[in-house]
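# Coordinate inspection notes
Here are the chains, one letter per residue:
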Amino acid sequence: MNTATERERAHPRTSMFVLATMSAPAVSGSVKIRNMSLHGALIEGDALPGVGESLRLRRGELTVAGRIVWRNAGRAGLRFEQDVEVSRWLPTGGSGQPQVDRTFHDLKSGTAEPAPQTAAEFKAPPAGPGDALKVADALDALADALSEDAGVVASHASRLQALDIASQLLRRFAATGP
């Protein structure tokens with residue numbers, strides 16, 4: 001989604017890396033929930049319903065019905081039929097996410113205070129948007145490979161979420177430039 005659309009959203013998105021089961025009349029399977037708000041989510045999967053189709057997401061005892069509002073390259077945006085409590089969908093039940101979301105918002109809005117740094121820390125040439133995209137692709141590939149193992153997901157869900165958040169931050173950096 002573009003940044004203009006992100007600014008127009010009524011409810012903030014919470015970044016996450018959560019595996020869920022999606023069922024729709026024409027297709028069912030595992031999906032990754034990449035972000036979620038009170039009214040919708042961004043999901044990613046190999047087989048997704050078409051725009052306008054209804055579906056149900058399930059994660060453990062949590063379930064929500066919704067409809068696909070956009071779809072592009074293995075990702076889709078959902079609008080839920082009812083509001084959800086986003087923190088319940090997080091791997092940790094939301095314990096550390098509010099701080100992550102505040103920090104991300106501060107970074108995005110330019111209100112975050114930079115950490116003090118010395119000139120010695122800047123010996124290497126600065127990385128550019130292309131470098132950020134390469135690192136984001138590597139993080140996505142690592143997270144995807146690790147998420148194929150249910151044991152890894154069960155034991156390290158919050159760490160997988162951190163990889164996804166880092167990848168999203170790098171992609172946003174690449175899109176806006178240094």
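As shown above, the structure is provided for reference.
Residue numbering note: each chain is counted from 1, following its sequence as written. For this predicted model, a pLDDT threshold of at least 70 governs which residues receive local features, and a threshold of 80 or more governs which side-chain atom pairs are given and counted, while totals over whole chains, interfaces and linings are taken from all residues. Each side-chain value is worked out from all heavy atoms of the structure, with water and hydrogens disregarded.

A word on the pattern of salt bridges. Salt bridge, as used here: a side-chain nitrogen of Lys or Arg that lies within 4 Å of a carboxyl oxygen of Asp or Glu. One pass over the structure, following the stated rule, counts three salt bridges. Linking E44 and R34 is a salt bridge whose minimum nitrogen-to-oxygen distance equals 2.6 Å. Placement of E44 in strand β3 (residues 40-44) and of R34 in strand β2 (residues 28-36) is noted, with a sequence separation of 10 residues between them. Relative accessibility under 20% of the residue-type maximum defines a buried residue, over 50% an exposed one, and the middle range a partly exposed one, all with a 1.4 Å probe and only protein chains included. Of the residues examined, R34 reaches a relative accessible area of 2% and is grouped as buried. Among the salt bridges present, the one from R88 reaches E61, with a minimum N-O distance of 3.5 Å. Pair noted here: R88 is in helix α2 (residues 86-89) and E61 is in the loop between β4 (54-59) and β5 (62-72), with a separation of 27 residues, a long-range link. When its relative accessible area of 43% is taken as the criterion, R88 is described as partly exposed. The structure contains a network of salt bridges with shared partners spanning R34, E44 and R75. Starting at the N terminus, helices and strands are each numbered in turn, a helix being any DSSP run of H or I of at least four residues and a strand any DSSP run of E of at least two.

That's the geometry; what it means functionally is another story.
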